[in-house]
Amino acid sequence: NKVLTAQYFVWWWAMLPLALPWLSWRRWAFGRSLLLWAVGEVHWLLWAYLLEFRRWPVRPGVWGASCAFLAAHLWLLSEIRHSARLHAAAAAAPKVRDCSSGGTGPKAE
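Note that this is a predicted model, so its numbers are computed, not measured.

J.: Kindly report on the overall build of the protein, identifying the contributing residues and their values.
T.: Check the secondary structure of the protein and you find three helices and zero strands. Overall, the protein shows an N-to-C arrangement of helices and strands of α-α-α. Evaluated residue by residue, the protein yields a buried proportion of 25% over its 109 residues. Nonlocal contacts in the protein, meaning residues at least 24 apart in sequence, comprise 76% of its contacts between residues at least 6 apart. As presented, the protein carries roughly 8500 Å² of accessible surface, and 68% of it is formed by carbon and sulfur atoms.

J.: I'd like to hear about the nonpolar core, residue by residue, with values.
T.: Counting residues in each nonpolar core, the largest one holds 16 residues, and the members touching the most others are Trp-44, Leu-76 and Ile-80. Elements represented by at least two residues in this core include exactly helix H2 (27-52) and helix H3 (59-92). Here this core gets six residues from one element, more than from any other, and that element is H2. Leaving out residues up to four positions away in the same chain, Leu-76 has contacts with Trp-12, Phe-30, Ser-33, Leu-34 and Trp-37.

J.: How would you explain the packing of aromatic side chains if you had to name every residue and give the values?
T.: Under the defined criterion, the tally for this structure stands at two aromatic pairs. Both rings, one in Tyr-49 and one in Phe-53, keep their centres 5.7 Å apart while their planes meet at 40 degrees; by these two values the pair is tilted. Using a relative accessible area of 35% as the deciding quantity, one classes Tyr-49 as partly exposed.

J.: With reference to specific residues and values, describe the environment of Trp-75.
T.: Turning to its location among the elements, Trp-75 is positioned in helix H3. A relative accessible area of 52% places Trp-75 in the exposed class. Measuring from C-alpha to C-alpha, the distance between Trp-75 and Arg-32 comes to 9.9 Å, with 43 residues separating the pair along the chain. Here Trp-75 is in contact with Ser-33 and Leu-36, once residues within four sequence places are set aside.

Scoring rules and cut-offs
Residues numbered from 1 in each chain as written. Predicted model: local features only at pLDDT ≥ 70, side-chain atom pairs only at ≥ 80, totals over all residues. Heavy atoms only, no water. Helix = DSSP H or I, 4+ residues; strand = E, 2+ residues; numbered from the N terminus. Buried < 20%, exposed > 50% of the residue type's maximum accessible area, 1.4 Å probe, protein only. Contact = heavy atoms within 4.5 Å. Areas by Shrake-Rupley, 256 points an atom, 1.4 Å probe, with all protein chains shown as cover. Core = buried A, V, L, I, M, F, W, Y, C linked by side-chain atoms within 4.5 Å. Phe/Tyr/Trp six-rings, centres within 6.5 Å; stacked < 30°, edge-to-face > 60°.

Functional significance is not addressed by these values, which are geometric in nature.
Encoded structure:
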């Protein structure tokens, strides 16, 4: 089979559960990114099917779909990276001590 099928685009999904503890998902942003990625993949697979199995002369369409799918893939990966950065920033935030309940901080007179 000369055409790259969908399995070649989803190999990294197996590694995603390992990263989940370090990700802080922004639900709607991630959902939009994932939907855009899925639409990009289906769009690419349609053009690849027309080229490979129907033998239609659609090479410019495959090229355009490849560029769109690459952009969608990069968008999804940037959302995953941004989620990891948000989680790291939240974990590194300094803890605020409450001195009003008998703590060791300065007392108000």
